[in-house]
Amino acid sequence: MAESWEKIAIGATDRVFVLTGAGISAESGLATFRGAGGLWEGHRVEEVASPYAWQRDPEMVWRFYSMRRKAASAAAPNAAHYALAELEGVLGERLFLCTQNVDNLHERSGSRRVLHMHGELFQSRCDHCGGEAFADTRLYETAAEHARCDCGGRIRPDIVWFGEVPYHMERISAELEQCTVMLVVGTSGVVQPAASFVRWARQRGAGSAVVRSYYVGPEHPANAGDFTQVFEGKAGEVLPQILATDGE
Ligand SMILES: [Zn+2]
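Small disclaimer: the values here were computed from a predicted structure and weren't measured.

Got a minute to help me understand unusual backbone geometry in this structure?
Glycine aside, the phi torsion of most residues is negative, and most peptide linkages are trans. We note that Glu41 has phi near 50°; this positive angle belongs to a residue other than glycine. Tracing the sequence through the fold places Glu41 in the loop between α1 (22–26) and α2 (51–56). Residue Glu41 is classed as exposed on the basis of its relative accessible area, which comes to 52%. Positive phi values are uncommon outside glycine, yet His168 reaches one of about 60°. Within the secondary structure, His168 is located in the loop between β6 (155–159) and α6 (169–178).

What is the right way to read the nonpolar core from this model?
As a rule of thumb, soluble globular proteins bury nonpolar side chains together. Core analysis: the largest hydrophobic core is formed by 25 residues, its most contacted members being Trp40, Val61, Trp62, Phe64, Tyr65, Leu121 and Trp161. Breaking this core down by element, the ones donating at least two residues are α2, α3 (58–74), β4 (119–126) and β6. Ignoring any residue separated from it by four or fewer positions in sequence, one finds Val61 in contact with Val48, Ala53, Trp54, Pro157 and Trp161. Ranked by size, the runner-up nonpolar core spans 24 residues in total, among them Val18, Leu91, Val181 and Val216.

Just checking my understanding: could you explain the side chain of Ser66 for this structure?
Its location among the elements puts Ser66 in helix α3. Aside from chain neighbours lying at most four places away, what touches Ser66 is Leu139, Tyr140 and Glu141.

Just checking my understanding: could you explain the coordination of the zinc ion for this structure?
Reference geometry at the metal: tetrahedral coordination by four donors gives ideal angles of 109.5 degrees; octahedral coordination by six donors gives 90 or 180 degrees. At 2.3 to 2.4 Å from the zinc ion lie its protein donor atoms, namely Cys126 (SG), Cys129 (SG), Cys149 (SG) and Cys151 (SG). If you look at the zinc ion, its 4 donor atoms make angles of 101 to 115° with each other, and the shape they trace is tetrahedral. Mapped onto the sequence, the residues coordinating the zinc ion show the spacing C-x2-C-x19-C-x1-C. Here Cys126 is found in strand β4, whereas its partner Cys151 is found in the loop between β5 (134–135) and β6, with 25 residues between them in sequence. Assessed through its relative accessible area of 4%, Cys126 is described here as buried. Note on Cys151: relative accessible area 38%, which makes it partly exposed.

The rules we used
Residues numbered from 1 in each chain as written. Predicted model: local features only at pLDDT ≥ 70, side-chain atom pairs only at ≥ 80, totals over all residues. Heavy atoms only, no water. Helix = DSSP H or I, 4+ residues; strand = E, 2+ residues; numbered from the N terminus. Buried < 20%, exposed > 50% of the residue type's maximum accessible area, 1.4 Å probe, protein only. Core = buried A, V, L, I, M, F, W, Y, C linked by side-chain atoms within 4.5 Å. Contact = heavy atoms within 4.5 Å. Donors = N, O, S within 2.8 Å, 3.2 Å for Na, K, Ca; no water. Tetrahedral: all angles 85-135°; square planar, octahedral: opposite > 155°, others 65-115°.

In structure tokens form, the structure reads like this:
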């Protein structure tokens, strides 16, 4: 029998910070490349998604991201993505959606304002001149297909690799300062700095409103003690219930 969960209270003045991670995409069939069985062609993801790998073997790196572009294109958003898009429809700018995921499933479910702290799978940029990232759905499966920037630099995936600094941290910390509800979906509380967001939100200065924090995902989170409530279950089953927007 499926479990049922109570709707969480979101009031007219609440500001909701949502952080999503690999778990929400995994429910759409996208591999997380972490933990047991997370290898790609025998490599750990850390050996493919790094500046060192890019220097040493850009062809391997582009084969990995081309495969992921194909997989993401073939995947569809699930009920959890749709529940968050609907919530944005209700809350407007009082909802801030920050994702660790590089796929575009949030956008494809209707979310309009998504902040990708680890970059975007369907964007590329020059590895040399600091030019703007651009939309790119191409596959680069052989070195002959690789593209060059006008400056001579190589076009790389617009992904934040291991050892690189996540994007938009100023905006993220400003949003953490003002949120009153924090919702963490499908991220186990291990990957920094995201794992600390809930603690930052709750520890900020005296006088601010109390932050209620919720975790949703099938795995018990490493930082369970930081949450007001933990919903252990699939995001696609839990979110539509706890965020039910009908009748309002
Ligand atoms: Zn360039």
